[in-house]
Amino acid sequence: MSRNRARLSDVSIARPVLAWVIMFALIVFGSVALGRLGVSYMPDVDFPVLSVSVNWEGAAPEIMEAEIVDRLERRLITVEGLKEMTSGVSQGSASITLEFTIDRNIDAALQEVQTAISRLEMPTDVRPPTVRKSNPEESPIMWLGLYGEIPERDLFVLADNMILDRLQLLDGVGEVFVGGDMERNLRVWADNRKLKEYQLTILDVEQALLNDHVEGAAGYLENTQTERNLRVLGEAASPESIRNIRINSRGGAPIYFSDIRLRDVARVDDGLNDHRRITRVDGKRG
(Lines give C-alpha, C1' and ligand atoms only; values in the text may rest on other atoms or scores of the structure.)
Protein backbone atom coordinates (compact mmCIF):
# COMPACT_ATOMS: atom_id res chain seq x y z
CA MET A 1 0.00 0.00 0.00
CA SER A 2 2.87 2.40 0.76
CA ARG A 3 4.46 1.57 -2.60
CA ASN A 4 1.25 2.54 -4.48
CA ARG A 5 1.14 5.90 -2.70
CA ALA A 6 4.79 6.49 -3.50
CA ARG A 7 4.27 5.67 -7.19
CA LEU A 8 1.23 8.01 -7.39
CA SER A 9 3.15 10.85 -5.82
CA ASP A 10 6.14 10.19 -8.06
CA VAL A 11 3.91 10.36 -11.15
CA SER A 12 2.27 13.58 -9.90
CA ILE A 13 5.67 15.17 -9.27
CA ALA A 14 7.12 13.98 -12.54
CA ARG A 15 4.03 14.92 -14.58
CA PRO A 16 2.20 17.81 -12.86
CA VAL A 17 0.07 18.56 -15.91
CA LEU A 18 -1.36 15.01 -15.86
CA ALA A 19 -2.15 15.34 -12.15
CA TRP A 20 -4.04 18.59 -12.78
CA VAL A 21 -5.98 17.04 -15.67
CA ILE A 22 -7.05 14.08 -13.52
CA MET A 23 -8.14 16.40 -10.68
CA PHE A 24 -10.16 18.66 -13.00
CA ALA A 25 -11.72 15.60 -14.66
CA LEU A 26 -12.90 14.27 -11.27
CA ILE A 27 -14.35 17.69 -10.40
CA VAL A 28 -16.24 17.94 -13.69
CA PHE A 29 -17.61 14.41 -13.62
CA GLY A 30 -18.55 14.82 -9.95
CA SER A 31 -20.46 18.02 -10.65
CA VAL A 32 -22.37 16.40 -13.53
CA ALA A 33 -23.19 13.35 -11.41
CA LEU A 34 -24.34 15.53 -8.51
CA GLY A 35 -26.79 17.42 -10.74
CA ARG A 36 -28.27 14.16 -12.04
CA LEU A 37 -28.49 12.49 -8.64
CA GLY A 38 -32.05 11.25 -8.06
CA VAL A 39 -33.94 12.55 -5.02
CA SER A 40 -37.09 10.85 -3.71
CA TYR A 41 -39.67 13.46 -2.76
CA MET A 42 -41.83 10.77 -1.11
CA PRO A 43 -39.43 8.23 0.43
CA ASP A 44 -40.77 4.93 1.76
CA VAL A 45 -40.70 5.59 5.50
CA ASP A 46 -42.10 3.15 8.06
CA PHE A 47 -43.86 5.58 10.41
CA PRO A 48 -43.87 4.31 14.04
CA VAL A 49 -47.60 4.76 14.63
CA LEU A 50 -49.92 2.42 16.57
CA SER A 51 -53.69 2.54 16.86
CA VAL A 52 -55.68 1.07 19.77
CA SER A 53 -59.39 0.35 19.21
CA VAL A 54 -61.94 -0.53 21.92
CA ASN A 55 -65.61 -1.45 21.43
CA TRP A 56 -68.27 -1.35 24.15
CA GLU A 57 -71.66 -1.84 22.59
CA GLY A 58 -74.27 0.69 23.69
CA ALA A 59 -71.92 2.79 25.85
CA ALA A 60 -72.32 6.56 25.66
CA PRO A 61 -69.30 8.68 24.60
CA GLU A 62 -69.00 10.10 28.13
CA ILE A 63 -68.79 6.58 29.58
CA MET A 64 -66.22 5.55 26.94
CA GLU A 65 -64.07 8.52 27.87
CA ALA A 66 -64.26 8.08 31.64
CA GLU A 67 -64.10 4.28 31.89
CA ILE A 68 -61.92 3.38 28.89
CA VAL A 69 -59.95 6.21 27.29
CA ASP A 70 -58.77 7.97 30.46
CA ARG A 71 -57.60 4.72 32.03
CA LEU A 72 -55.82 3.62 28.86
CA GLU A 73 -54.10 6.97 28.48
CA ARG A 74 -52.71 6.79 32.00
CA ARG A 75 -51.20 3.41 31.15
CA LEU A 76 -49.92 4.24 27.67
CA ILE A 77 -48.33 7.58 28.58
CA THR A 78 -45.46 5.69 30.20
CA VAL A 79 -44.51 3.78 27.03
CA GLU A 80 -40.94 4.57 25.97
CA GLY A 81 -40.44 6.80 22.93
CA LEU A 82 -44.02 8.12 22.79
CA LYS A 83 -44.12 11.40 20.87
CA GLU A 84 -47.84 12.18 20.58
CA MET A 85 -51.10 10.56 21.67
CA THR A 86 -54.53 11.46 20.31
CA SER A 87 -57.89 9.96 21.30
CA GLY A 88 -61.38 9.90 19.89
CA VAL A 89 -64.65 8.52 21.25
CA SER A 90 -68.08 7.84 19.79
CA GLN A 91 -71.15 5.84 20.66
CA GLY A 92 -69.89 2.39 21.67
CA SER A 93 -66.30 2.77 20.43
CA ALA A 94 -63.05 4.57 21.15
CA SER A 95 -59.69 4.86 19.40
CA ILE A 96 -56.27 6.00 20.56
CA THR A 97 -53.46 6.83 18.11
CA LEU A 98 -49.89 6.61 19.39
CA GLU A 99 -47.08 8.27 17.44
CA PHE A 100 -43.51 7.40 18.43
CA THR A 101 -40.17 8.97 17.60
CA ILE A 102 -38.83 8.00 14.18
CA ASP A 103 -35.98 5.93 15.67
CA ARG A 104 -38.33 3.84 17.86
CA ASN A 105 -38.65 0.19 16.87
CA ILE A 106 -42.34 -0.20 16.08
CA ASP A 107 -42.43 -3.94 16.84
CA ALA A 108 -40.90 -3.40 20.28
CA ALA A 109 -43.35 -0.56 20.90
CA LEU A 110 -46.24 -2.84 19.88
CA GLN A 111 -45.21 -5.44 22.44
CA GLU A 112 -44.83 -2.81 25.16
CA VAL A 113 -48.27 -1.33 24.40
CA GLN A 114 -49.92 -4.76 24.48
CA THR A 115 -48.25 -5.50 27.81
CA ALA A 116 -49.47 -2.19 29.28
CA ILE A 117 -53.05 -2.86 28.11
CA SER A 118 -53.05 -6.43 29.44
CA ARG A 119 -52.39 -5.12 32.97
CA LEU A 120 -55.52 -2.96 32.84
CA GLU A 121 -58.78 -4.50 34.08
CA MET A 122 -61.63 -3.62 31.72
CA PRO A 123 -65.38 -3.73 32.45
CA THR A 124 -66.90 -7.14 31.88
CA ASP A 125 -68.88 -6.18 28.74
CA VAL A 126 -65.94 -4.56 26.94
CA ARG A 127 -64.34 -6.47 24.11
CA PRO A 128 -60.54 -6.86 24.38
CA PRO A 129 -58.76 -3.85 22.83
CA THR A 130 -57.08 -4.40 19.48
CA VAL A 131 -53.65 -2.93 18.71
CA ARG A 132 -52.37 -2.64 15.15
CA LYS A 133 -49.60 -0.86 13.30
CA SER A 134 -50.95 2.12 11.41
CA ASN A 135 -49.07 3.74 8.53
CA PRO A 136 -50.43 7.01 7.12
CA GLU A 137 -49.35 5.85 3.66
CA GLU A 138 -51.67 2.85 3.86
CA SER A 139 -54.85 4.84 3.24
CA PRO A 140 -57.38 3.26 0.88
CA ILE A 141 -56.44 3.71 -2.77
CA MET A 142 -59.57 2.19 -4.31
CA TRP A 143 -63.26 2.30 -3.45
CA LEU A 144 -65.68 -0.16 -5.03
CA GLY A 145 -69.42 0.50 -4.92
CA LEU A 146 -71.83 -2.43 -4.76
CA TYR A 147 -75.60 -2.10 -5.06
CA GLY A 148 -78.45 -3.94 -6.72
CA GLU A 149 -82.13 -4.71 -6.72
CA ILE A 150 -81.83 -7.36 -4.02
CA PRO A 151 -82.48 -7.24 -0.25
CA GLU A 152 -79.80 -5.54 1.87
CA ARG A 153 -79.07 -8.73 3.77
CA ASP A 154 -78.35 -10.68 0.55
CA LEU A 155 -76.19 -7.82 -0.69
CA PHE A 156 -74.10 -7.88 2.48
CA VAL A 157 -73.72 -11.69 2.34
CA LEU A 158 -72.54 -11.40 -1.27
CA ALA A 159 -69.96 -8.74 -0.39
CA ASP A 160 -68.70 -10.40 2.80
CA ASN A 161 -68.62 -14.06 1.77
CA MET A 162 -67.63 -13.85 -1.91
CA ILE A 163 -66.24 -10.53 -3.11
CA LEU A 164 -64.24 -9.71 0.04
CA ASP A 165 -62.39 -13.04 0.04
CA ARG A 166 -61.45 -12.77 -3.63
CA LEU A 167 -60.11 -9.23 -3.27
CA GLN A 168 -57.95 -10.24 -0.31
CA LEU A 169 -56.19 -12.86 -2.46
CA LEU A 170 -55.05 -10.33 -5.07
CA ASP A 171 -51.32 -9.67 -5.20
CA GLY A 172 -50.36 -6.43 -3.45
CA VAL A 173 -53.61 -5.99 -1.52
CA GLY A 174 -52.87 -5.13 2.10
CA GLU A 175 -56.34 -4.88 3.65
CA VAL A 176 -59.96 -4.93 2.52
CA PHE A 177 -62.87 -3.68 4.60
CA VAL A 178 -66.59 -3.30 3.97
CA GLY A 179 -68.35 0.01 4.60
CA GLY A 180 -72.02 0.28 5.49
CA ASP A 181 -72.20 -3.38 6.46
CA MET A 182 -74.85 -4.83 8.77
CA GLU A 183 -74.69 -8.16 10.57
CA ARG A 184 -77.54 -10.59 10.94
CA ASN A 185 -79.59 -10.12 14.08
CA LEU A 186 -82.34 -12.29 15.55
CA ARG A 187 -84.71 -10.27 17.73
CA VAL A 188 -87.26 -11.52 20.24
CA TRP A 189 -90.08 -9.04 20.93
CA ALA A 190 -91.96 -10.04 24.07
CA ASP A 191 -95.66 -9.10 24.36
CA ASN A 192 -96.31 -7.84 27.89
CA ARG A 193 -100.04 -8.54 27.64
CA LYS A 194 -99.45 -12.18 26.71
CA LEU A 195 -96.85 -12.55 29.43
CA LYS A 196 -99.44 -11.47 31.99
CA GLU A 197 -101.92 -14.02 30.63
CA TYR A 198 -99.44 -16.82 31.34
CA GLN A 199 -98.20 -15.18 34.57
CA LEU A 200 -94.69 -14.91 33.15
CA THR A 201 -91.99 -12.21 33.10
CA ILE A 202 -89.32 -11.27 30.64
CA LEU A 203 -86.80 -13.06 32.88
CA ASP A 204 -88.65 -16.33 32.27
CA VAL A 205 -88.29 -15.80 28.52
CA GLU A 206 -84.61 -15.04 28.92
CA GLN A 207 -84.06 -18.17 31.02
CA ALA A 208 -85.81 -20.32 28.41
CA LEU A 209 -83.48 -19.00 25.71
CA LEU A 210 -80.43 -19.59 27.91
CA ASN A 211 -81.49 -23.16 28.65
CA ASP A 212 -82.61 -24.32 25.20
CA HIS A 213 -80.45 -22.24 22.86
CA VAL A 214 -76.97 -23.34 23.89
CA GLU A 215 -74.15 -25.45 22.50
CA GLY A 216 -71.19 -26.86 24.39
CA ALA A 217 -69.04 -29.81 25.34
CA ALA A 218 -70.62 -32.85 27.01
CA GLY A 219 -67.56 -34.83 28.02
CA TYR A 220 -66.23 -38.08 26.55
CA LEU A 221 -67.58 -41.45 25.52
CA GLU A 222 -64.88 -44.07 25.83
CA ASN A 223 -64.29 -47.80 25.96
CA THR A 224 -61.20 -49.97 26.03
CA GLN A 225 -60.30 -49.16 22.41
CA THR A 226 -61.60 -45.72 21.44
CA GLU A 227 -62.55 -42.36 22.91
CA ARG A 228 -65.00 -39.92 21.38
CA ASN A 229 -65.83 -36.33 22.22
CA LEU A 230 -69.47 -35.49 22.89
CA ARG A 231 -71.02 -32.15 22.03
CA VAL A 232 -74.47 -30.78 22.85
CA LEU A 233 -76.09 -29.44 19.67
CA GLY A 234 -78.60 -27.23 21.43
CA GLU A 235 -78.52 -24.12 19.26
CA ALA A 236 -81.62 -23.45 17.21
CA ALA A 237 -81.00 -23.86 13.51
CA SER A 238 -83.74 -21.52 12.30
CA PRO A 239 -86.08 -18.77 13.55
CA GLU A 240 -88.89 -21.34 13.64
CA SER A 241 -86.87 -23.44 16.08
CA ILE A 242 -86.53 -20.36 18.30
CA ARG A 243 -90.29 -19.83 18.20
CA ASN A 244 -90.85 -23.45 19.32
CA ILE A 245 -88.68 -23.18 22.46
CA ARG A 246 -90.68 -24.29 25.48
CA ILE A 247 -90.86 -22.07 28.59
CA ASN A 248 -90.44 -24.47 31.53
CA SER A 249 -90.05 -22.14 34.50
CA ARG A 250 -91.98 -19.32 36.16
CA GLY A 251 -90.06 -17.11 38.58
CA GLY A 252 -87.36 -19.75 38.92
CA ALA A 253 -89.83 -22.54 39.79
CA PRO A 254 -90.42 -25.35 37.25
CA ILE A 255 -93.67 -25.55 35.27
CA TYR A 256 -94.47 -29.24 35.02
CA PHE A 257 -95.92 -30.51 31.72
CA SER A 258 -95.65 -26.99 30.27
CA ASP A 259 -96.63 -26.48 26.66
CA ILE A 260 -96.03 -22.72 26.60
CA ARG A 261 -93.94 -21.87 23.57
CA LEU A 262 -91.93 -18.76 22.91
CA ARG A 263 -94.21 -17.92 19.98
CA ASP A 264 -97.14 -17.72 22.42
CA VAL A 265 -95.68 -14.73 24.25
CA ALA A 266 -93.20 -13.14 21.82
CA ARG A 267 -92.51 -12.35 18.18
CA VAL A 268 -89.24 -13.52 16.60
CA ASP A 269 -87.81 -11.45 13.73
CA ASP A 270 -84.91 -12.57 11.58
CA GLY A 271 -83.28 -9.37 10.32
CA LEU A 272 -80.24 -7.11 10.54
CA ASN A 273 -78.66 -4.82 13.10
CA ASP A 274 -79.88 -1.27 13.50
CA HIS A 275 -78.93 1.06 10.65
CA ARG A 276 -76.13 3.12 12.18
CA ARG A 277 -73.89 3.26 9.09
CA ILE A 278 -75.18 3.91 5.59
CA THR A 279 -73.35 3.69 2.28
CA ARG A 280 -74.89 5.10 -0.90
CA VAL A 281 -73.75 4.44 -4.47
CA ASP A 282 -75.25 6.83 -7.04
CA GLY A 283 -77.95 7.68 -4.50
CA LYS A 284 -78.85 4.02 -3.84
CA ARG A 285 -78.21 1.95 -0.72
CA GLY A 286 -75.04 -0.06 -1.12
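In short, a report on the structure. All values reported here derive from a predicted model rather than from experimental measurement.

Reading the values: rules and limits
Residues numbered from 1 in each chain as written. Predicted model: local features only at pLDDT ≥ 70, side-chain atom pairs only at ≥ 80, totals over all residues. Heavy atoms only, no water. Pairing = 2+ DSSP bridges. Helix = DSSP H or I, 4+ residues; strand = E, 2+ residues; numbered from the N terminus. Axes fitted to C-alpha atoms, helices over the stretch in contact; angles between N-to-C directions. Contact = heavy atoms within 4.5 Å. Buried < 20%, exposed > 50% of the residue type's maximum accessible area, 1.4 Å probe, protein only. Core = buried A, V, L, I, M, F, W, Y, C linked by side-chain atoms within 4.5 Å. Salt bridge = Lys/Arg side-chain N within 4 Å of Asp/Glu carboxyl O. Lys, Arg positive; Asp, Glu negative; His and termini not counted.

### Describing the sheet that holds strand E3 (residues 93-100)
Logical step 1: Read across the open sheet, the four strands follow the order E2-E3-E1-E4; overall the sheet is antiparallel. The open sheet has two free edges, formed respectively by strand E2 (82-90) and strand E4 (130-133), since each of these has just one partner strand. Each strand of the sheet is rotated relative to its neighbour by a mean of 15 degrees, with strand direction disregarded.
Logical step 2: Bridging between strand E1 (residues 49-55) and E3 involves seven bridges; their strand directions are antiparallel. Each residue of the ladder has a partner; that of Ser53, found in E3, is Ser95.
Logical step 3: This element, helix H3 (residues 61-76), spans E1, E2 and E3 of the sheet and lies at about 165 degrees to E2.

### Topic: the pairing of E1
Logical step 1: With five of seven residues buried, E1 is to be regarded as a mostly interior element.
Logical step 2: Bridging between E1 and E4 involves four bridges; their strand directions are antiparallel. By the bridge assignment, Val52 is partnered in E4 with Val131.

### Comments concerning the environment of Arg280
Logical step 1: Here Arg280 lies in strand E11 (residues 280-281).
Logical step 2: C-alpha of Arg280 to C-alpha of Gly145: the two residues are 135 residues apart in sequence and 8.2 Å apart in space.

### Concerning the nonpolar core
Logical step 1: Membership of the largest hydrophobic core comes to 25 residues, with the highest contact counts inside it found for Leu50, Val52, Ile68, Leu72, Leu76, Leu98 and Val113.
Logical step 2: Judged by nonpolar contacts, the second largest core, of 13 residues, contains Ile242, Ile245, Ile255 and Leu262.

### A few points about the environment of Leu195
Logical step 1: Looking at the element boundaries, Leu195 is found in helix H6 (residues 192-197).
Logical step 2: Residue classification places Leu195 among the buried residues on the basis of a relative accessible area of 4%.
Logical step 3: In this structure, the C-alpha to C-alpha distance between Leu195 and Ala266, residues 71 residues apart in sequence, is 8.5 Å.
Logical step 4: With residues near it in sequence (within four places) discarded, Leu195 still touches Ala190, Leu200, Thr201, Ile202, Val205 and Val265.

### Some remarks on the pattern of salt bridges
Logical step 1: Under the criterion given, the structure shown has six salt bridges.
Logical step 2: Between Glu197 and Arg193 there is a salt bridge whose closest N-O contact spans 3.0 Å. A residue pair is termed a helical-turn pair when its members lie 3 or 4 positions apart in one helix, as Glu197 and Arg193 do in helix H6 at four residues.
Logical step 3: On the basis of relative accessible area, Glu197 is assigned to the exposed category, the value being 52%.

### Regarding the side chain of Asp204
Logical step 1: When you line up the elements, Asp204 lands in helix H7 (residues 202-212).
Logical step 2: Here Asp204 occupies a buried position and makes no salt bridge, while the nearest side chain of opposite charge, Arg250, is found at 5.8 Å.
Logical step 3: Residues within four places of Asp204 in sequence aside, it is in contact with Ile247, Ser249, Arg250, Gly251 and Gly252.

### Some thoughts on the environment of Met85
Logical step 1: Relative to the assigned elements, Met85 resides in strand E2.
Logical step 2: On the basis of relative accessible area, Met85 is assigned to the partly exposed category, the value being 23%.
Logical step 3: The spacing of Met85 and Val17 is 68 residues in sequence and 64 Å in space, taken between C-alpha atoms.
Logical step 4: Residues in contact with Met85, not counting those within four places in the same chain, are Glu73, Leu76, Ile77, Ile96, Thr97 and Leu98.

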